[in-house]
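A closer look at the structure
Single-letter residue listing:
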Amino acid sequence: MQHQFSITGERLSGHSGIVELMDDLGAALAGTGKTHMRMLGGGNPAHVPPVQKVWRERLQAIVDDTEHCDRMLANYDGPGGNPRFRESFAGALRDIYGWDVGPENIAVTNGGQTAFFFLFTLLAGEMADGRFRKVVLPLVPEYIGYSDQGVAEGIFQSFRPRIEQLDGHSFKYRIDFDALKVDENSAAICVSRPTNPTGNVLTDDEVSRLADLASEANIPLIIDNAYGEPFPGAVFEPIAPMWNRSMVMTFSLSKLGLPGTRTGIVLADEEIASRIRTMTGIVGLANNNIGQAIVEPMLRSGELLQLSREVIRPFYQKKAEAAHAMVAKHFADDFPYSVHRSEGAFFLWLWFPELPIATRELYTRLKNRGVLVVPGEYFFYGLEDADNDWPHRRQCIRVTFSQGEEVVEDGIRILADELRQLHA
Ligand code: PLP
């Protein structure tokens, strides 16, 4: 039978380069490919033994409490999430940051990814008055997972950053506030902090300027804390997170090591939180509640914060430092490369200013040698056509350092070797 699909159906299910890439990454993790792959792609959290032990103990405690276990497995929660979890999550934000939030400001979703689909669909696209509003990404490269989201096509308007050269082989992106434009056609401003793919952490000053711009335009500033504060806390720079009622924050249990529980959390004013709850009800009835049950008592006791600050953050910071050292070891000092300063998350963002081929081709060559990275091109979406000839967007790759040290070092060694050959 020849199926016929709607325009939206086609958009959300048709083949795309990035889906192909994700299939490669999935196959590598499942070990189903032909070649043994060093998995330096994807955003999978590391398996951190002391953290995994905590999750196993929490699951065991739930199973041992028959009544709790039966309630968790056999009852649907309301679409906004488990009431006790929402209260505890809001309570943790009050305790940690002093924010004036309650459960009415919280909506649980099936992962952060779903939260973004709902938020973008809610805010961007065609409005009742005929305008088409777009989500402003004040700094690309930005998280690849937003790029195909939203029911409407073309919902992003992105801006190139300023590139600040630091010492010899390192750089940092900064928002170019002179170029950034927010107007009546903007639906929201959105950033991930730390940023996937670069490990950039927007400064408090940048965030506060974005918050001002958003509130002047009467639109939300959305901050994606998937890797950030307070959980899992993979932020290596001291920051002071802020929230006010015109901001939307998203959190996730995934990077704590619980991606299988599909738990995202949206913090917003009552109206947006309530609409997200309704969207969950319409799309999926309710959320997976196992992640909420695992962490809820740890939110109340403060143990989740302690685990994030004392175990998870140092774990990734050490990994970041080790990965930087490997790059310095395997790339000759006179080789043209630069690495984004690691301020958080699980990635190195490498820039090869004299790369003679597209990063997509570099990706294929590396894949043939058993190393999976993510080509940088995909992270630069939503730019104006005029930015097509900006060479920088074809010169970067993302390397994940959350896997075992030998895997990462092997991958970086092969990467350096491949680039040496290419440049020769
Ligand atoms: N936001 C960012 C920046 C991410 O990197 C990810 C996953 O990699 C997500 C959101 C979504 O994660 P999840 O749906 O597992 O919460």
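Computed from a prediction, not measured in an experiment: that's the story for all the values here.

Among the 13 residues in the neighbourhood of the ligand, the closest are listed as Gly112, Asp224, Ser252, Ser254 and Arg262. At a separation of 2.8 Å, an oxygen atom of the ligand approaches a polar side-chain atom of tyrosine 227. The separation between an oxygen atom of the ligand and a polar side-chain atom of lysine 255 is 2.8 Å. Relative to its unbound accessible surface of 400 Å², the ligand loses 92% to contact with the protein.

Within the element layout of this structure, aspartate 212 appears in helix 7 (residues 204-216). For aspartate 212, a relative accessible area of 43% gives the class partly exposed. For aspartate 212 and serine 246, which are 34 residues apart along the polypeptide, the C-alpha to C-alpha distance reads 9.7 Å.

Moving on to the packing of helix 6 (residues 112-123) against helix 8 (residues 270-284). To describe two helices that pack against each other, one gives the angle between their axes and the distance between the axes. It is at 10 Å that the axes of helix 6 and helix 8 come closest, and there the two elements cross at 115°. In terms of axis orientation, helix 6 runs roughly perpendicular to helix 8. Considering only the axes of helix 6 and helix 8, their crossing is right-handed. Here helix 6 contributes Phe118, Leu119, Thr121, Leu122 and Leu123 to the contact with helix 8, which in turn contributes Ile272, Arg275, Ile276, Met279, Thr280 and Val283. Split by residue class, the contact of helix 6 with helix 8 holds eight nonpolar, two polar and one charged.

Opposite charge on two side chains makes pairing possible when the charged atoms of those side chains draw close. Per the stated rule, a full pass over the model turns up 23 salt bridges. When the shortest N-O distance is used, the salt bridge between glutamate 57 and lysine 53 registers 3.1 Å. Of this pair, glutamate 57 and lysine 53 both sit in helix 3 (residues 49-64), separated by four residues, roughly a single helical turn. Assessed through its relative accessible area of 45%, glutamate 57 is described here as partly exposed. As a salt-bridge pair, arginine 365 and glutamate 418 come within 3.3 Å of each other at their nearest N and O atoms. One end of the pair, arginine 365, is in helix 11 (residues 359-368); the other, glutamate 418, is in helix 12 (residues 405-423), with 53 residues separating them in the sequence. What makes arginine 365 partly exposed here is its relative accessible area of 32%.

Here the focus is a negative patch on the surface. A cluster of acidic side chains, namely Asp64, Asp65, Glu67 and Asp70, defines a negative patch on the protein surface. Within the fold, aspartate 70 resides in helix 4 (residues 66-74).

Glancing now at helix 6. Over its 12 residues, helix 6 extends 16 Å from the first C-alpha to the last, a length consistent with the 16 Å expected when each residue adds 1.5 Å. Along helix 6, the residues that are buried comprise Gly112, Ala115, Phe116, Phe118, Leu119, Phe120 and Leu123.

Strand order in this open sheet of six strands is 6-7-12-13-16-15, and the pairing throughout is mixed. Edge strands, defined here as strands with exactly one partner in the open sheet, are strand 6 (162-165) and strand 15 (374-375). One ladder, built from four bridges, connects strand 6 with strand 7 (residues 170-174); its direction is antiparallel. Paired with arginine 162 across the strands is arginine 174, a residue of strand 7. Contacting strand 12 (338-340) and strand 13 (347-351), helix 10 (residues 303-330) runs over the sheet at an angle of about 30° to strand 13.

Entries for the protein in the domain assignment read domain 1 (7-47 + 307-423) and domain 2 (78-303). Taking the mean C-alpha position of each, domain 1 and domain 2 sit 23 Å from one another. With 44 residues of domain 1 at the contact, the number on the domain 2 side is 55 residues. Of the roughly 4300 Å² buried at the junction of domain 1 and domain 2 (both faces included), carbon and sulfur atoms supply 57%. For domain 1, the biggest contributors to the area lost against domain 2 are Arg11, Glu343 and Tyr381; these three give 18% of the whole. Summed over the shared surface of domain 1 and domain 2, the number is five salt bridges.

About the criteria used
- Residues numbered from 1 in each chain as written.
- Predicted model: local features only at pLDDT ≥ 70, side-chain atom pairs only at ≥ 80, totals over all residues.
- Heavy atoms only, no water.
- Near = heavy atom within 4 Å.
- Polar contact = N/O pair within 3.5 Å; in protein donor to acceptor, adjacent residues only side chain to side chain.
- Areas by Shrake-Rupley, 256 points an atom, 1.4 Å probe, with all protein chains shown as cover.
- Helix = DSSP H or I, 4+ residues; strand = E, 2+ residues; numbered from the N terminus.
- Buried < 20%, exposed > 50% of the residue type's maximum accessible area, 1.4 Å probe, protein only.
- Axes fitted to C-alpha atoms, helices over the stretch in contact; angles between N-to-C directions.
- Parallel < 35°, antiparallel > 145°, perpendicular 65-115°, else oblique.
- Left-handed = near helix turned anticlockwise from the far one by under 90°.
- Contact = heavy atoms within 4.5 Å.
- Nonpolar A, V, L, I, M, F, W, Y, C, P; charged D, E, K, R; others polar.
- Salt bridge = Lys/Arg side-chain N within 4 Å of Asp/Glu carboxyl O.
- Patch = residues over 30% accessible without salt bridge, like charges linked within 9 Å, V, L, I, M, F, W, Y side chains within 5 Å.
- Lys, Arg positive; Asp, Glu negative; His and termini not counted.
- Charge placed at Lys NZ, Arg CZ, Asp CG, Glu CD.
- Expected span 1.5 Å × (residues − 1).
- Pairing = 2+ DSSP bridges.
- Domains from an automatic or database assignment.
- Buried area = accessible area lost by both parts, 1.4 Å probe.

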